[in-house]
Amino acid sequence: MPVELIALTLFALSQIGTPGPANMALLATGAGYGLRRALPFVAGVVVGKQLIIWPLGFGLMQLAQSAPGVFLAMKYISAGYIVYLAWRVANMRLNPDRSDGPPPGFLAGLIVHPLNPKAWGMITAAFTSFVAPGSTAFAATVSIAAVLLLCQTLLHPIWAGAGQLIAATIQGTRAERFVFLMLSFLTVATVFYALFGGGGAS
């Protein structure tokens, strides 16, 4: 095998299943719009990680070493985008008589992971920790891409569905504003932890 499959799968499940900017966005989108309407966004988030895996597998890590300023700028662009998502979350309300506009779609989800510093850290760790000696870049990249795609397909809808369950219990109650503010805070907190505190969750 080009990768240590069992270890990589356990690593992926633990990282993708734990809170992070992407999962907070999924949770909030599911809470605001329901799982069914959030599915295009979920699909975009799943596919978006592939936009990181393949370039990293074919040499982007070397570019990061030669042009660190590009990746530093990306960190702050990432933070700005996640803060924007958090602002949307903070202003969501579940009043069925008022529309907050359409839910974020596939393209909005597609850019979540490329702008998510935790995703970059996780994928970099996958390439540096679980690739078997002597593996080709193509074989290693295919293996990592497949494992992460399967884990995301399993776990990301669960986060959006959990958001829907939360919404069902708070709609029309005094807790509604508090919950969305808390989701907003957690979204911002996870991305700033990723930027300045390390970690590798999704």
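Everything discussed here concerns the structure shown above.
For clarity, every value in this text was computed on a predicted model and none was experimentally measured.

Engineer: Could you give an account of the nonpolar core, with specific residues and numbers?
Structural biologist: The biggest cluster of nonpolar side chains holds 21 residues, and the ones touching the most others in it are Leu8, Ala12, Ile16, Ile53, Ile123, Ile144 and Leu148. Ignoring sequence-local partners within four residues, the contact set of Ile123 consists of Lys49, Ile52, Ile53, Leu56 and Leu148. Leu26, Phe41, Val46 and Val112 belong to the second largest nonpolar core, which has 12 residues in total.

Engineer: Any chance you could break down the packing of aromatic side chains for me, citing the residues and the numbers?
Structural biologist: This structure, assessed with the given rule, holds 3 aromatic pairs. Relative to Phe138, the ring of Trp54 lies with its centre 6.4 Å away and its plane at 55°, an arrangement referred to as tilted. You can see Trp54 sitting in helix H4 (residues 50-66) and its partner Phe138 sitting in helix H8 (residues 137-170), a full 84 residues away along the chain. Looking at Phe138, the relative accessible area reads 53%, which means it is exposed. Every member of this aromatic cluster is reached through a ring pair, and the members are Trp54, Phe58 and Phe138.

Engineer: Please give an account of the environment of Ile144 that cites residues and values.
Structural biologist: Looking at the element boundaries, Ile144 is found in helix H8. Owing to a relative accessible area of 0%, Ile144 belongs among the buried residues under this scheme. In this structure the C-alpha to C-alpha distance between Ile144 and Phe130, which are 14 residues apart in sequence, comes to 8.9 Å. Those residues in contact with Ile144 that lie beyond four places of it in its chain are Val3, Leu8, Ile53, Ala126, Phe127 and Val131.

What counts, and where the lines are drawn
- Residues numbered from 1 in each chain as written.
- Predicted model: local features only at pLDDT ≥ 70, side-chain atom pairs only at ≥ 80, totals over all residues.
- Heavy atoms only, no water.
- Core = buried A, V, L, I, M, F, W, Y, C linked by side-chain atoms within 4.5 Å.
- Buried < 20%, exposed > 50% of the residue type's maximum accessible area, 1.4 Å probe, protein only.
- Contact = heavy atoms within 4.5 Å.
- Phe/Tyr/Trp six-rings, centres within 6.5 Å; stacked < 30°, edge-to-face > 60°.
- Helix = DSSP H or I, 4+ residues; strand = E, 2+ residues; numbered from the N terminus.

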